[in-house]
Amino acid sequence: MVSEEIRKKFLDFFIHRDHKLVGSYSLVPSDPSVLLTSAGMQQFKAYYTDGVDADKDFGSRNVVSVQKCFRTSDIDEVGDETHLTFFEMLGNFSFGGYFKKEAIKLAHEFITQTLGLKIDYVTIFGGDEDVPEDEESREIWRAIDPGMKVIGAGRKDNFWGPTGSEGPCGPTTEIYVNGVEVWNLVFNEFYLRPDGKLERLESPGVDTGCGLERLTAVMDGSGHIFETDIFGETVEKIKELKPDLEEKVVRIFADHLRACCFLIADGIRPANKEAGYILRRLIRKLIAYELKFDFHTSSLTEVPAIIVRKFQDIYPELDENQITEVLDEERTKFKTAISRGLKELADCQRLTAAEAFHLYETYGLPFDLIKEMAPSDLGQNLSYKDFENEFGKHQEVSRAGVERKFGGHGLLLDTGELKATDEQELRRVTRLHTATHLMQAALKKVLGDKIEQRGSDITTERTRFDFLFDRKLTDDEIRQVEDLVNDVIQRDLPVNFEEMPLEQAKETGALYFFKGKYPPVVKVYYVGSSIKNAFSKELCGGPHAERTGEMGKFRIRQQKAVAEGVRRIKADLEEL
Ligand code: SER
């Protein structure tokens, strides 16, 4: 197995040259500036800048690792010969131990002698208005090999980092073998400050990264990551399941499934934001492929078994049952919605960013899926930036409700149920909205399940709630309802939502209007730490308070009959 040999040779090479071995960090990063670990240096960031003592922590200033990485930025390139979302990065690092000369020498020795490869050429930082050319690296390369082709390149290609708005960064030198960029050596000489200025680091450091998959492809002569032993069996299995599949689809399938396995193994679960959303996006794409190419339904489980077998010795956190469970659950949840979405997409005559966003909102189709699966060439002109704009608009709106109106009456929020003209009003109606959910749940607990919402109206001052009930509430019942709501407020419970298909949402026991018209994918807002044990859950578009603790004291102010069998309660919140 070429990849296993390389992994071992790399580690041995550096361990024998005074480096301490450090295990891969989780894909869930310690660095809050990134959603997922995307480079080997991330777990070591503090050693470049904060004066944290590497010697004390590792027994050496030089370390070596093979780090699990995930790069969302490469997601659209997956399917070619060299790009992946998840990959393993070989890296050696020095925190004030050695610098350019040793780092370049070590890399050169490993590539040319240990692996016996020939370097085509290397690149160095060619300089710009802020930082001069990295002449030192040029000279070091020339001293090692006078015939070496050294190319100067700009900041985009040969200056690393930082991740986020500040951090260590510096010029890089990159090594190309058989036309493939295989190794990136970063010389962290600077610290980028939040104001955009570069400061020289007191003790410069080295951070190198070499993709195991690419190096394997170069070593085994294929020049193609999906033809290496890393993907061999996975690709074979996919082709066996569907022999006529387009090559690109096979590769995307293989990459995404492998990435899902590793993300799940590190504790990430499908969700609507952050890392959970990245996972969800990958899984939805797999489901769409299953649907589009009519895969056997077990393919989402047969292939991971192979992936787990291949990597389990090195990454024992990979657990086949757990992976299958997460994939299956997501598939059960979304298959119908995605299938409907794909149908609507197939019938599209035109496809603007707004229409793409509608498909995302209604059926959960991720952007890249829409772009890829759009009929004829409708997806070609669809830009992610425009889609993001729609998304951004929507986020403001969903924070603020369903519709944001400008000019006219200057409404910031108008959902029909809630209206607000400024931020302060928005906060008030939002809290009263959450209070209305809590009140309905409390009324059911006190008066029984037969009570049923008939209508509600929320102003900045109070909430008004109409429900089926055939008599006056006693003082004691009123107090019980108030106490239940105030108890939840005092416990400062989180308010969250989960998006899911309508049928499934109903099955959670969430409250909804029987006569209501709902899209195929809905939000279930719930109060409590999980949807299962929630105090209140309702199908609802929001917005809501983030936590109950911010709501103030709940009081019922009035009750009366508004029609035969229908009672009306008015309640408010005393500001904290
Ligand atoms: N941080 C650099 C990279 O990820 C080198 O490790 O490419």
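Here the structure is shown first, and the text comes after it.
Rules used in this analysis
Residues numbered from 1 in each chain as written. Predicted model: local features only at pLDDT ≥ 70, side-chain atom pairs only at ≥ 80, totals over all residues. Heavy atoms only, no water. Patch = residues over 30% accessible without salt bridge, like charges linked within 9 Å, V, L, I, M, F, W, Y side chains within 5 Å. Areas by Shrake-Rupley, 256 points an atom, 1.4 Å probe, with all protein chains shown as cover. Salt bridge = Lys/Arg side-chain N within 4 Å of Asp/Glu carboxyl O. Lys, Arg positive; Asp, Glu negative; His and termini not counted. Charge placed at Lys NZ, Arg CZ, Asp CG, Glu CD. Helix = DSSP H or I, 4+ residues; strand = E, 2+ residues; numbered from the N terminus. Near = heavy atom within 4 Å. Polar contact = N/O pair within 3.5 Å; in protein donor to acceptor, adjacent residues only side chain to side chain. Nonpolar A, V, L, I, M, F, W, Y, C, P; charged D, E, K, R; others polar. Pairing = 2+ DSSP bridges. Axes fitted to C-alpha atoms, helices over the stretch in contact; angles between N-to-C directions. Contact = heavy atoms within 4.5 Å.

Participant: Describe a negative patch on the surface, and please don't skip the residues or the numbers.
Facilitator: A cluster of acidic residues, Asp-319, Glu-320, Glu-325 and Glu-329, forms a negative patch on the protein surface. By secondary structure assignment, the location of Glu-329 is in helix 12 (residues 320–346).

Participant: Could you give me a rundown of the site of the ligand, with the residues and numbers involved?
Facilitator: All residues adjacent to the ligand are Ala-39, Met-41, Arg-71, Met-89, Trp-160, Asn-184, Val-186, Asp-207, Thr-208 and Gly-209. Here an oxygen atom of the ligand and a side-chain polar atom of Asn-184 are 3.1 Å apart. Within the side chain of Asp-207, an N or O atom sits 2.6 Å from an oxygen atom of the ligand. If you list the elements that add at least two residues to the shell around the ligand, you get strand 8 (180–192) and strand 9 (198–211). When residues of the shell around the ligand are assigned to their parent elements, the largest contribution, three residues, is made by strand 9. Taken together, the residues that form the shell around the ligand break down as five nonpolar, three polar and two charged.

Participant: Give a description of unusual backbone geometry that names residues and reports values.
Facilitator: In this structure, the amide linkage connecting Gly-542 to the following residue, Pro-543, adopts the cis form with an omega of -5°. By secondary structure assignment, the location of Pro-543 is in the loop between strand 16 (536–539) and strand 17 (553–563). Although it is not a glycine, Asp-294 adopts a positive phi angle of roughly 55°. The residue Asp-294 is located in the loop between helix 10 (274–292) and helix 11 (299–311) in this model.

Participant: Hey, could you go over the sheet that holds strand 14 (residues 495–501) for me, with residue numbers and the actual values?
Facilitator: Here three strands make up an open sheet; going across it, the order is 14-15-16 and the pairing antiparallel. The open sheet is flanked by strand 14 and strand 16, the only strands paired with a single partner. Each adjacent strand pair in this sheet contributes to an overall mean axis angle of 25°, direction not counted. The sheet contact formed by strand 15 (residues 521–527) and strand 16 spans four bridges and is antiparallel. Its bridge partner being in strand 16, Tyr-526 is matched across the sheet by Lys-537.

Participant: I'd love a proper account of the sheet that holds strand 17, names of residues and values included.
Facilitator: The strands making up a sheet associate through hydrogen bonds between their backbones, and the pairing can be parallel or antiparallel. Across the sheet, which stays open at both edges, the four strands sit in the order 12-13-18-17 with antiparallel pairing between neighbours. Edge positions in the open sheet fall to strand 12 (453–458) and strand 17, since each of these has one partner strand only. When the angles between neighbouring strand axes are averaged without regard to direction, this sheet yields 20°. The pairing of strand 13 (residues 463–468) with strand 18 (residues 566–574) spans six bridges and is classified as antiparallel. Bridge pairing in strand 18 places Thr-463 opposite Ala-571. Contacts from helix 16 (residues 423–447) reach strand 12, strand 13, strand 17 and strand 18, with the element oriented near 30° to strand 13. Helix 17 (residues 475–490) contacts strand 17 and strand 18 of the sheet and is inclined by roughly 140° relative to strand 17.

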